[in-house]
Protein chains: 4
Amino acid sequence: MDIIVLNRDATEEDIRHVVKKLEGKGLRVHISAGTERTIIGVIGDTSKVTEEEEDAFRAAPGVENVLRILKPYKLASREFKKENTEISVGGIVIGGRKIPVMAGPCAVENKTVLMAIAEKVKACGASFLRGGAYKPRTSPYTFQGLGEEGLKYLAHAREKTGLPVVTEIMDPRDLEAIVKYADIIQIGARNMQNFRLLLEVGSAQKPVLLKRGLSSTIKEWLMSAEYIMSRGNHQVMLCERGIRTFETATRNTLDLSAVPVLKQLTHLPVVVDPSHGVGKRDLVAPMAKAAIAAGADALLIEVHTNPEEAVSDGEQSLKPDHFEKMMKELKPVAEAVGRKL
Amino acid sequence: MDIIVLNRDATEEDIRHVVKKLEGKGLRVHISAGTERTIIGVIGDTSKVTEEEEDAFRAAPGVENVLRILKPYKLASREFKKENTEISVGGIVIGGRKIPVMAGPCAVENKTVLMAIAEKVKACGASFLRGGAYKPRTSPYTFQGLGEEGLKYLAHAREKTGLPVVTEIMDPRDLEAIVKYADIIQIGARNMQNFRLLLEVGSAQKPVLLKRGLSSTIKEWLMSAEYIMSRGNHQVMLCERGIRTFETATRNTLDLSAVPVLKQLTHLPVVVDPSHGVGKRDLVAPMAKAAIAAGADALLIEVHTNPEEAVSDGEQSLKPDHFEKMMKELKPVAEAVGRKL
Amino acid sequence: MDIIVLNRDATEEDIRHVVKKLEGKGLRVHISAGTERTIIGVIGDTSKVTEEEEDAFRAAPGVENVLRILKPYKLASREFKKENTEISVGGIVIGGRKIPVMAGPCAVENKTVLMAIAEKVKACGASFLRGGAYKPRTSPYTFQGLGEEGLKYLAHAREKTGLPVVTEIMDPRDLEAIVKYADIIQIGARNMQNFRLLLEVGSAQKPVLLKRGLSSTIKEWLMSAEYIMSRGNHQVMLCERGIRTFETATRNTLDLSAVPVLKQLTHLPVVVDPSHGVGKRDLVAPMAKAAIAAGADALLIEVHTNPEEAVSDGEQSLKPDHFEKMMKELKPVAEAVGRKL
Amino acid sequence: MDIIVLNRDATEEDIRHVVKKLEGKGLRVHISAGTERTIIGVIGDTSKVTEEEEDAFRAAPGVENVLRILKPYKLASREFKKENTEISVGGIVIGGRKIPVMAGPCAVENKTVLMAIAEKVKACGASFLRGGAYKPRTSPYTFQGLGEEGLKYLAHAREKTGLPVVTEIMDPRDLEAIVKYADIIQIGARNMQNFRLLLEVGSAQKPVLLKRGLSSTIKEWLMSAEYIMSRGNHQVMLCERGIRTFETATRNTLDLSAVPVLKQLTHLPVVVDPSHGVGKRDLVAPMAKAAIAAGADALLIEVHTNPEEAVSDGEQSLKPDHFEKMMKELKPVAEAVGRKL
């Protein structure tokens, strides 16, 4: 249901105008005339009132505010689907009782290094291999990624270790290659509202890991998930990776309360990336534990055999032995909240 | 020059390691050993130290911090070019003494409405016509834009009124069409870090209007401008349109201090979009005046003949008579700061 | 009018419970039962529903949300008083057509320096002398202010120049001294929600300059003004001084859109402090002009004869010749918007 | 060690000027003259350079930036004290292996209700009773707290249950009463930079629970702790309660990464208040678990026998049975990270 508030200077004509538009859309109204304001309650399927029509009402004479009571997303909402969505990739379930860990380097640099990291993380208990073939770099003068060659290295690593692959798509034109080589398509924070990209990925048959935008509200995030799902791809998982705030002690502010909030609002699995969230190696393990305790369904961790040589984000990458230690420490935390690693 | 700070637990070995890497890149060092910290001053062309190498240093044992003294962007900086950049489009100069106003609807809906708006804004003194053929919509269920058809309507309006056209690009695959029909290519806030898109647009011969990201720092903004310029297209203008903050009384928080800050840091022209900045019709005029007083080179204003019928953003669009009134009020403000409208 | 939204799982009992509480407060209800939600419109004087009762409703079973339509502040609102409030101090009016400029050092250091600055700013056209006798310092190891002695210096400067004095109160126990020596009592950003302090100052007979909190919403700001006014002191002026955001290029982000927003919501005068807003000398003049163009009623500027020797905030203080130049440049801007300096 | 950066236009005279001031303070310099910048490394006890002198340097001709390498706080820093601080109150240790839970209503309303809540939380395993006698209310028209009477009720509840008491101080003039009746003095978020209050509390002999300001950086937070400690009171514990961001789905954004960050920077115990952090009852338990997993030393939880009747914050208060359930669920999480509840 919607509510349209008219201010004290609104005329009878103004009210009639709004009512007429609403009735023209097959909706019914309930008018409450107060001394300070007039409230028009809108009854019926107000999902028919689109975003632009809502804006049009706001622009109408006498209207002070339009309040949406219902959520703007449907397919992603728990009201649409009560049970948790479970996404199965190569036999591993994301969104079930077990918490898979997706680990690997930020960027795929070369075949050998990637292979070494893949073997290490597998030995430590990771279920997925992550790595970027196409890198989003803030500076045009830095490493841009290996492209399709990098995808092949990831596929090769999967072949040898059995680890399914998560990799980021930067451009709609790369979809074909990514679908060919990868198992999960990652949409990065900066592309969370790249609507064209969302639509393309919505037509693909692979699961999508949708990272939250740097300053995206949970509502906008779910609307982006809705974008993808509206095209037919319902295998969407949401990944909290920190939001932008005034605090500079951490790279971003990891918003773990997003985990239980999402669990209420949506049936989609919730992943947490503490590596990008905090940006500093020593903070990754405590936040990974906190993420599991908060209810996360999976973790996305950056690991590199030699962080100092990493072509990007070396500061937050864990060395294999740190990763191993962390995985051991995560086990009891998962069990403490009724899950398994 | 760069500075690398090592903490009190750093060993002689750690220091040697860092110095060796720096000298290996042809740089010289200046070591200041304090009681609490060791500071390594790096002398030479530190622009050679890329972002990933910087990250690698941060990851090195003993290193507490790496401080960049020099700016990461070059082509966009005033140190590269002392004089203001002036971008000429159809005889109109952006970045000179006169302040052009770019006005029009948020989205191009149909030929007739667009024509009507174009004629009105021209009559009021606007120098450019703006309008989106491809719309970035938060919801997949709303008007997505007319696409190439919308571009043709814009071109038609230009033919009749003489007003050059500013329109937004959403996807690299639309570049050809946009270059064909439009005069200035706009990159929206949500695409400010869509690096692939920036690269494509950097290869085009048309001027680019780069909107600031919702939560982008001025430094990130200039790095995005650098992206475009690094490909050869130096005709970049920056557009402040409000940033995301905790305040909800306005749609965004229009950061007008960005205008004088940019004027110090870069030679690129600075445009201000008060419409998206504040999101409410009544606040547009005061902020447009403030923008001119702060030193803006151009304004981007939303105007619609019938905001209530606008398919998007009706709440912030000015009606032609409001726009006319505002243009009259802007004139003396421009003159008060030594400019002309 | 208020609106209480009950979710789809709310029972008849839940609805009855809420209705009973409302009717118990002498309010009438209007129930709109939709398929997804039940909306209870509350009619009557809902200002009787206090903040805690509102919270209680939110906590009631079945309640999804409580929406306030009316503003929580009264005395400060334009609905209470249509005409602009004009505050008169020593013959100078704040909130009228003329825009007074309040200038001076951040802190009062010694009698001689203060006298020199007072004479300079007066010569340049300032109407008020500002200066802190009690300094809010982030570090306990720095200059804490001269206290009452500093107040005497300010009074002495007023005696010699005729400039009324604006100074900050840090602690309720200093009120007596401040009321004795100063003309306008300033409440700093960090004390905007120091409710005890607001109550004390609300009992005083001197005008109050209420700075916006670092992260205070406009609504919270007006509620703080309401605090002061509720005690009887209606001579309150609001001062925008920048809010905290992610941007680090400026000390704070000066939110000039707060000026026209406040002009709509309240009758109280609106002052702007560009010095603390931007934190850098070269940015003060452009933002002072922008503030006037946006509709500010007065300016608060930091000036020091020797910023390098200033005990605080030297980086943003203007030297007298800069201040003089700025005052000359402000004059035409004021006239361009129908005001006078 | 400090670093002063002079820009490319700085003259020999400018450099000599800065060096002379530094040497005048008994400091030594190390000058690195680069092509783009001149870096002056400052060697010696730069803690002698106060905040205002630092500002003075920034204001000096030719100076582009002043970078502090060392932290501005000392007593609070781990460099000052390597071992964790343990604060003992009534036999209970905060900062040790056991994690005490402080629970109770937001405000003390009456003797009976408080007693009932105290008995309930004690039965569930809480170690401290919290409750506000003086309430910080955003509106002047709402419940302001019982004052000293409320303190007596808290003392009475302690007498009956043995639970030590945590209560908030709003005004320096209430210190005597609070010290008389309470065990831990709480400084609320809005008073984190009420420096006068911090100084007063620094002279008291009771432990202080210092809440993080709504938008305070971790550095500012530790400087406020330093304020208190500089007066002699070293029994300070820091309480994370959420920071202000753009997200509205939660009341604040609980910044759990502050926990491991603080553990690196300071020896002071770290408490987490998930109740104010998230603002919604259902989100408290997951975030309490996450807080423990992240390394928190104690929890501060709002509990009320009848949240609907609570005079404030009813929406986030847990009912006793929820609190009991949560306490049971916290136990294994604490053990999973090597602690005990």
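Source: prediction; values computed, not measured. (Residues numbered from 1 in each chain as written. Chains lettered and ligands numbered in written order. Predicted model: local features only at pLDDT ≥ 70, side-chain atom pairs only at ≥ 80, totals over all residues. Heavy atoms only, no water.)

**Brief notes about the sheet that holds strand S12 (residues 236-240) of chain A**
The strands that make up a sheet are held in pairs by hydrogen bonds between backbone atoms, and each pair lies either parallel or antiparallel. Residue and element names in this part refer to chain A. To keep things clear, this is the line we draw: Following DSSP output, two strands are said to pair if at least two bridges run between them. A run of DSSP states H or I qualifies as a helix once it reaches four residues; a run of E qualifies as a strand once it reaches two. Both are numbered from the N-terminal end. Axes here mean lines fitted to C-alpha atoms, for a helix over just the part in contact, with angles spanning 0 to 180 degrees between N-to-C directions. Pairs of residues are marked as contacts when any of their non-hydrogen atoms sit within 4.5 Å.
Taking strand neighbours around the barrel as the criterion, the 8 strands line up as S7-S8-S9-S10-S11-S12-S13-S14 in a closed arrangement whose pairing is parallel. When the angles between neighbouring strand axes are averaged without regard to direction, this sheet yields 30 degrees. In this structure, strand S13 (residues 270-272) lies alongside strand S14 (residues 298-302), joined through 2 bridges in parallel fashion. Directly across from Val272, in S14, lies its bridge partner Leu299. Here helix H4 (residues 148-161) sits on the sheet and contacts strand S8 (128-130) and strand S9 (165-169); the angle it forms with S9, its principal contact strand, is near 165 degrees. This element, helix H7 (residues 218-230), spans strand S10 (184-187), strand S11 (208-211) and S12 of the sheet and lies at about 155 degrees to S12.

**Overview of the side chain of Glu302 of chain B**
Residues and elements named next belong to chain B. The criterion, for reference: When accessible area is computed with a 1.4 Å probe and restricted to protein chains, residues below 20% of their type maximum are described as buried, those above 50% as exposed, and intermediate ones as partly exposed. By the counting rule applied here, Lys and Arg register as positive and Asp and Glu as negative, while His and the ends of each chain are not counted. Salt bridges are defined as contacts in which a side-chain nitrogen from Lys or Arg sits within 4 Å of a carboxyl oxygen from Asp or Glu. Nitrogen and oxygen atoms within 3.5 Å of one another constitute a polar contact, given that in protein one can donate a hydrogen and the other can accept it, and given that sequence-neighbouring residues count only through two side-chain atoms.
With respect to the secondary-structure elements, Glu302 resides in strand S14 (residues 298-302). Buried and unpaired, Glu302 has no salt bridge, with Arg130 as the nearest side chain of opposite charge at 4.4 Å. Of the polar contacts made by the side chain of Glu302, one reaches the side chain of Ser317; its length is 3.2 Å. Leave out the neighbours within four places in its chain, and Glu302 touches Gly104, Pro105, Cys106, Arg130, Ser275, His276, Asp313, Gln316, Ser317 and Leu318.

**Examining the relation of the copies chain B and chain C**
How we decide: Copies are brought into register by a least-squares superposition over C-alpha atoms of residues with pLDDT of at least 70 in both.
The two copies are related by a screw motion: chain B maps onto chain C through a turn of 180 degrees and a shift of 0.0 Å along the axis, at an RMSD of 0.1 Å. Such values leave the two copies arranged in the relation of a two-fold axis. Considering only C-alpha atoms, the residue of chain B closest to the rotation axis is Ala290 of chain B, which sits at 2.0 Å. Both copies contact each other with a shared surface, as 100% of the interface residues of chain B are interface residues in chain C too.

**Description of H7 of chain A**
Residue and element names in this part refer to chain A. Quick note on the threshold: Take the residue count of a helix, subtract one, and multiply by 1.5 Å to get its expected span.
In this model, H7 (13 residues) spans 18 Å end to end at C-alpha, consistent with the 18 Å of a helix rising 1.5 Å per residue. With 11 of 13 residues buried, H7 lies mostly within the body of the structure. Within H7, the full set of buried residues consists of Ile218, Glu220, Trp221, Leu222, Met223, Ser224, Ala225, Glu226, Tyr227, Ile228 and Met229.

**Observations regarding the packing of aromatic side chains**
We count it as follows: Between rings of Phe, Tyr and Trp, where Trp is taken as its six-membered ring, a pair exists when centres lie within 6.5 Å; planes separated by under 30 degrees are stacked, by over 60 edge-to-face, and by other angles tilted. Each ring is checked for a lysine NZ or an arginine CZ that lies within 6 Å of its centre and within 35 degrees of its normal; such an atom marks a charge sitting over the ring.
Counting across every chain of the model gives 4 aromatic pairs over all chains. Cation over ring: Lys21 of chain A sits above Phe57 of chain A, and NZ or CZ is 5.2 Å from the ring centre.

**Points about the pairing of strand S12 (residues 236-240) of chain D**
Residue and element names in this part refer to chain D. Here is the rule we go by: For crossovers, right-handed means that the path from the first strand over the helix to the second runs clockwise, given strands pointing away from the viewer.
Within S12, 5 of the 5 residues are buried, which leaves it mostly tucked inside the rest of the structure. Alternating residues of S12 divide into Val236, Leu238 and Glu240 and Met237 and Cys239, and every residue in both groups is buried. Where the polypeptide runs from S12 across helix H8 (residues 258-265) and back to strand S13 (residues 270-272), its parallel neighbour, the crossover connection is right-handed.

**Looking at the pairing of strand S3 (residues 38-43) of chain B**
Residues and elements named next belong to chain B. With respect to burial, S3 is a largely interior element, 6 of its 6 residues being buried. Side-chain alternation along S3 places Thr38, Ile40 and Val42 on one buried face and Ile39, Gly41 and Ile43 on a second face that is also buried. Judged from the 5 bridges that link them, strand S1 (residues 2-6) and S3 form a sheet pairing that is antiparallel. Bridge pairing links Val5 to Ile39 in S3. Of the strand pairs in this sheet, strand S2 (residues 28-33) and S3 are connected by 6 bridges, and their pairing is antiparallel. Its bridge partner being in S3, Ile31 is matched across the sheet by Ile40.

**Some words on helix H6 (residues 195-202) of chain C**
All names here are of chain C. Judged by how many residues are buried, H6 sits mostly within the fold: 6 of 8 residues are covered. Regarding H6, the residues found buried are Phe195, Leu197, Leu198, Leu199, Val201 and Gly202. Buried residues belonging to H6 abut strand S9 (165-169), helix H5 (175-181), strand S10 (184-187), strand S11 (208-211) and helix H7 (218-230).

**Considerations on the sheet that holds strand S7 (residues 101-104) of chain C**
Residue and element names in this part refer to chain C. Strand order in the closed barrel formed by 8 strands is S7-S8-S9-S10-S11-S12-S13-S14, with parallel pairing between adjacent strands. The sheet shows a mean angle of 30 degrees between the axes of neighbouring strands, direction not considered. Packed onto the sheet, helix H8 (residues 258-265) meets strand S12 (236-240) and strand S13 (270-272) and runs at close to 170 degrees relative to S13.

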